[in-house]
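# Coordinates in review
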Amino acid sequence: MNYYSKQVSDILNELKTSENGLSKTAAAERLLQNGKNELKETAQKSLLKRIWEQISDPMVLILAAAGIVSGVFGEIADCIIILAIIVINAILGIVQESKAEQAVAALKKMSAAMSKVKRDGEIITIPSAEIVVGDIIILDAGDAVPADLRLITSASMKIEEAVLTGESVPSDKISDILADKDIPLGDRVNMAFTGTSVSYGRGVGVVVGTAENTEMGKIANALNSTEEEKTPLQKALSKLSKTLSIGVLIICAIVFGVGVLRFGKDQIFDSFLTAISLAVAAIPEGLVVVVTVLLSLGVKRMSAKRAIIRKLTAVETLGCTQVICSDKTGTLTQNKMTVTEHTGETELLKKIMFLCNDSQIKGEAPVGDPTEIALKIFGKDTADITRTDEIPFDSDRKMMSTLNKEGNKSFQYTKGAPDQVLERCTHIIKSGNITPMTQEDKNEILIQNKSFADKALRVIAGAYKETEKLEEDNLIFVGLTGMIDPIRPEVKVAVSECLTAGIKPVMITGDHKDTAVAIGKELGLIQNADESITGAQLDKIPDSEYDVTKYSVYARVSPENKIRIVNAWKKQGKITAMTGDGVNDAPSIKAADIGIGMGITGTDVTKSAADMVLADDNFATIVTAVGEGRRIYENIRKAVQFLLSSNLAEVFAILFATLSGFVIFKPIHLLWINLMTDTFPAMALGNEPAENDIMKKAPRKPSEGIFSQGLGFDVFWQGLVIAILTFSAYLFGNKENHEIAMTMAFVTLSMCEVFHSLNMRSRRKSIFAIKGKNPLIWAAMLLSAALTFAVVFIPKVNDVFGLVALSGKNLLIALGLAFVIIPIV
């Protein structure tokens, strides 16, 4: 309902209440009928559902089936190992899964604990949860607004609404009707909203919305209705899983059929065991663990760089981010009004701004209106002189005056809107001399005022006179101050780095267009005002005509506008990030491919909805995180290539052996190689330093699969080469006996992968051209080699694996064949 466009009397009648408030009986009935003034929490996923999500992957189901059948046919060791792998993977997945969404719970915590309410004509204090529609709420400076209100009275009241609208300056509130029926949230100046707070003055309002029926409630509903999408890596691995699963089933069926036809029904068990070996060979059991660990290591590295990742798979999403939609207040700017320009007699101007001021800056947390705080800090070196009288600020006069006793004299200090102050000035002070104000003086002041306004500065004028009685006339003009919420010093550089890296930064704010354009130009986001648009203008553009690429600055936006902007970029096929700190940012943060919340100034709602939280609220940290995301993704691709080439080598080797009438591996051999020998080098590849030009390349296209840029072909031919080397080792050993042949094949395949990990340090550069150091890769190679030799040479252990200790000659042949992979690749 557009309560801002209705008369208070009509609203009171409609809600069946009065300025004396509801009766306690009526309030109790409404509370019982409509429920408490609290936001509902979302249902949490059950443990069973989480477990099912972990084991419902097609590859996992095929592996489970292979394990169960192995147990039925007496291969108990294989069965136990396979099922243990599945259980461990499921536990890892559940532990690593991000915590259940806490955004709505955080919204609930933001509600004011107690509120002053008028019931039966008496003012009482009650829990905010018991407020109902029709209640009359009393608000004073410092109070949190407990529900959505239509203001009945307002005495110089200002409300801090940054968490809801994104506007850095508190909103001046009035109680008059607003004629327009289509007004943006930030301009509904006769309304007060849940979750905001009174920074100045006092007022009275009637409750028109509670719980889900508030503007905050709409955000909660938007959070609940926004579906979480899979990241590009999740999509790629999901597609890989389905492709491999289909391939595994087809190959296993063919191998099983060929075995039965070739060896007859008496060899069904052996044929089936070969098929299971193929399934184990084709499924990269260690891939999920390796990817999870690499992402976890990336999370740890990012945390040290002040970027806290809440969802593991968000790490790689950063690497392909193409658009960053950033909130302005507190993200690109300091969220702290600061005097940046001034004219006139500086010391006297500072004195006026300090003494004609109700804010306090004692301690680290200033109290009061942000504009007054900025002016107080501007004049902080001024002595605190006793105030004897005052005329408070009000929205009609747009001025404030104080009378201060200084020795035997009294001085009036006045500050306010330049046009209002100038009307009351008859003199001006220049270079310490007081002279009558001329028209030329006025024109010069107005020109300076416009110059400040063109820079989107909030301009306050100062004047004074010596007097014993407060009278706002015959004043002496002193000067102007211009203030703004300044940009963070490092942000301009960060924006430039984004543009170099092929990332488009977009600013979204609740501030007025002039302010947004000025900040946008200063940051290098836009060149002219045509590249900016307001939320009201955007609302009038249908989706079919909305060209999101035209605009880099959005002003006076609503939460719905933000979601529309994010979704418009996503429809363009762009991987989109959204940063912010206020409640108003939460739905769009959740809708984006990656949501980035602010750790210091950010609300709990924003942090809970975000995929990543910036511990230092520093936009520049995003650029660092993007570079780290790119590095991690490239390292994951190296690990994927390394692991899949190994799995494909196993498949080829088994196919060659099957067609030749040999059994080259048992399932337990392949499980050991996949989980133990290969896993450690794959993890070590995740520690590879970034390439020098990683942040000078355009982001990878979202349409690019994990096998893009020739990775699929590399996996195929490298897997084929490793298979040929492995099968060659088997043929050498088979001249003596099957056990030696199988052991030589096992050693060759294992060590071939160990040596191949050196090739994978760079997908294109020679290992001799790599300048970065990665000591972990050498440690991983030694560990994998030790594990390989352990199952070959330790008595009893080799019996479990069906392997035998090799002679020096056979060991050298196996190692020599394995080493050949380095010069070949």
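Just above sits the structure.
Now for a quick tour of the structure. Here the residue numbers are simple positions, counted from 1 along each chain's written sequence. The predicted nature of this model means local features are confined to residues of pLDDT at least 70 and side-chain atom pairs, given and counted, to a pLDDT of 80 or more, with totals for whole chains, interfaces and linings taken over all residues. For the side-chain quantities, the full set of heavy atoms in the structure was used; hydrogens and water were omitted.

Here the focus is the overall build of the protein chain. Secondary structure elements are defined from DSSP: runs of H or I of at least 4 residues count as helices, runs of E of at least 2 residues count as strands, and each element is numbered from the N terminus. For the protein chain, the helix and strand inventory stands at 31 helices and 23 strands. When accessible area is computed with a 1.4 Å probe and restricted to protein chains, residues below 20% of their type maximum are described as buried, those above 50% as exposed, and intermediate ones as partly exposed. The burial tally for the protein chain puts 55% of its 825 residues in the buried class. Residue pairs in contact within the protein chain that sit at least 24 positions apart in sequence constitute 71% of those at least 6 positions apart. Here the accessible surface of atoms and residues is derived via Shrake-Rupley with a 1.4 Å probe, and residues count as covered only by protein chains that are part of the display. When the accessible surface of the protein chain is split by element, carbon and sulfur atoms take 57% of a total near 35000 Å². We call two residues in contact whenever any of their non-hydrogen atoms come within 4.5 Å of each other.

It is worth spelling out the environment of Pro823 at this point. On the secondary structure map, Pro823 appears in helix α31 (residues 821-824). Residues Pro823 and Asn759, spaced 64 residues apart in sequence, show a C-alpha to C-alpha distance of 9.3 Å.

Let us now look at the environment of Ile159. Secondary-structure assignment places Ile159 in strand β4 (residues 148-160). Sequence separation of Ile159 and Phe193 is 34 residues, and the distance between their C-alpha atoms is 9.2 Å.

Quick look at a negative patch on the surface now. For patch building, the residue pool is restricted to those with more than 30% relative accessible area and no salt bridge; the joining distance is 9 Å between like charges and 5 Å between nonpolar side chains (Val, Leu, Ile, Met, Phe, Trp, Tyr). Should a side-chain nitrogen of Lys or Arg be within 4 Å of a carboxyl oxygen of Asp or Glu, the pair is scored as a salt bridge. The sign given to each residue is positive for Lys and Arg and negative for Asp and Glu; His and the chain ends receive no count. Positions of charges follow a simple convention, taking NZ of Lys, CZ of Arg, CG of Asp or CD of Glu. Among the surface-exposed residues, Asp180, Asp182, Asp539 and Glu560 lie close enough to one another that they form a single negatively charged patch. With respect to the helices and strands, Asp182 occurs in the loop between β5 (171-172) and β6 (191-192).

Think of a nonpolar core as a cluster: buried Ala, Val, Leu, Ile, Met, Phe, Trp, Tyr and Cys residues, connected wherever their side-chain atoms sit within 4.5 Å. Met302, Ile309, Leu318, Phe477, Ile596, Met612 and Phe619 are the most contacted members of the largest nonpolar core, which has 78 residues in total. In terms of residue count, helix α23 (residues 619-659) provides more of this core than any other element does, 13 residues in total. Leaving out residues up to four positions away in the same chain, Leu318 has contacts with Met302, Ile309, Ile594, Met612, Ala625, Val626 and Gly629. Within the second largest apolar cluster, 58 residues are counted, among which are Ala649, Leu671, Val721 and Ile822.

Right, let's get into unusual backbone geometry. Even without being a glycine, Ala456 presents a positive backbone phi close to 65°. Mapped onto the elements, Ala456 comes out in the loop between α16 (439-454) and β16 (458-466). The phi torsion at Arg556 lies on the positive side, around 50°, for a residue other than glycine. Here Arg556 lies in the loop between β20 (553-555) and α20 (559-571). Given the relative accessible area of 10%, Arg556 is considered buried.

The next point concerns the pattern of salt bridges. With the rule as written, the count across this model stands at 28 salt bridges. Close ionic contact of Arg564 with Asp543 constitutes a salt bridge, the shortest N to O distance being 2.8 Å. In this pair, Arg564 is assigned in helix α20 and Asp543 in the loop between α19 (535-539) and β20, connecting sequence segments 21 residues apart. Classification of Arg564 by relative accessible area gives buried; the value is 18%. The network of salt bridges with common partners includes Arg301, Lys305, Glu628 and Arg631.

Time to look at the packing of helix α24 (residues 667-677) against helix α28 (residues 775-793). Helices that pack against each other are described as a pair by the angle of their axes relative to one another and the distance between those axes. Running from N to C, α24 and α28 point in directions that differ by 155°, and their axes come no closer than 10 Å. Judged by the inter-axis angle, α24 sits roughly antiparallel to α28. Along this stretch, α24 crosses α28, giving a crossing that reads as right-handed. From α24, Trp672, Met676 and Thr677 reach across to α28, where they touch Ser784, Leu787, Thr788 and Val791. Note on residue categories: nonpolar means Ala, Val, Leu, Ile, Met, Phe, Trp, Tyr, Cys or Pro, charged means Asp, Glu, Lys or Arg, and polar means any other residue, Gly included. Looking at the contact of α24 with α28 residue by residue, the classes come out as four nonpolar, three polar and no charged. Lines fitted to the C-alpha atoms define the axes, with helices restricted to the stretch that makes contact. Angles between their N-to-C directions range from 0 to 180 degrees. Each angle is binned into one of four classes, with values under 35 degrees roughly parallel, values over 145 roughly antiparallel, values of 65 to 115 roughly perpendicular, and all other values oblique. Each crossing gets its handedness from the near helix: less than a right angle anticlockwise from the far helix is left-handed, clockwise is right-handed.

Aromatic contacts are taken between Phe, Tyr and Trp rings whose centres are within 6.5 Å, Trp giving its six-membered ring; a plane angle under 30 degrees counts as stacked, one over 60 as edge-to-face, and the others as tilted. This structure, assessed with the given rule, holds eleven aromatic pairs. Ring centres of Phe652 and Phe656 lie 6.2 Å apart, and the angle between their planes is 10°; on these two criteria the pair is classed as stacked. In this pair, Phe652 and Phe656 are both assigned in helix α23, four residues apart and thus about one turn of the helix distant. A relative accessible area of 14% places Phe652 in the buried class. Joined through ring pairs, the aromatic side chains of Phe652, Phe656, Phe662, Phe716, Phe727 and Tyr730 make up one cluster. Lying across the ring of Phe378, Lys350 places its NZ or CZ 5.7 Å from the centre. Placement of a positive charge over a ring is assigned whenever Lys NZ or Arg CZ falls within 6 Å of the ring centre and within 35 degrees of the normal to the ring plane. Between the NZ or CZ atom of Lys376 and the centre of the ring of Phe354, over which it lies, the distance is 4.5 Å.

For two strands to pair, DSSP has to find at least two bridges joining them. Spatially, β8-β23-β22-β21-β9-β18-β20-β19 is the arrangement adopted by the eight strands of the open sheet, whose pairing is mixed. A single partner strand is all that each edge strand has here, and the edge strands are β8 (307-309) and β19 (532-534). Across the sheet, the mean angle separating the axes of adjacent strands is 20° when strand polarity is ignored. When β8 meets strand β23 (residues 612-614), the two strands line up antiparallel, connected through three bridges. Following the sheet pairing, Ile309 is matched in β23 by Met612.

A cluster of nonpolar side chains, contributed by Ile246, Ile250, Ile254, Val258 and Leu659, occupies part of the molecular surface with about 480 Å² of accessible area. Relative to the assigned elements, Val258 resides in helix α9 (residues 232-263). For Val258, a relative accessible area of 35% puts it in the partly exposed group.

Our focus in this paragraph is the side chain of Arg761. Looking at the element boundaries, Arg761 is found in the loop between α27 (738-759) and α28. For Arg761, a relative accessible area of 10% corresponds to the buried category. Contact partners of Arg761, with chain neighbours within four places excluded, come to Lys638, Leu685, Glu688, Ile770, Gly772, Lys773, Asn774 and Ile777.

In this section: the environment of Leu151. Checked against the element boundaries, Leu151 lands in strand β4. The spacing of Leu151 and Leu139 is twelve residues in sequence and 10.0 Å in space, taken between C-alpha atoms.

A few words on helix α17 (residues 491-500). Among the residues of α17, those classed as buried are Val491, Ala494, Val495 and Cys498. On an axial view of α17, the arc spanned by its buried residues comes to 100°, and they lie on one face. Those residues of α17 that are buried are in contact with β9 (323-327), β18 (504-508), α18 (513-523) and α23. Positive backbone phi, approximately 75°, marks Gly502, located one or two places after α17. Arc, as used here, means the arc of the directions from the helix axis to the C-beta atoms.

In short, geometric facts, not functional conclusions.
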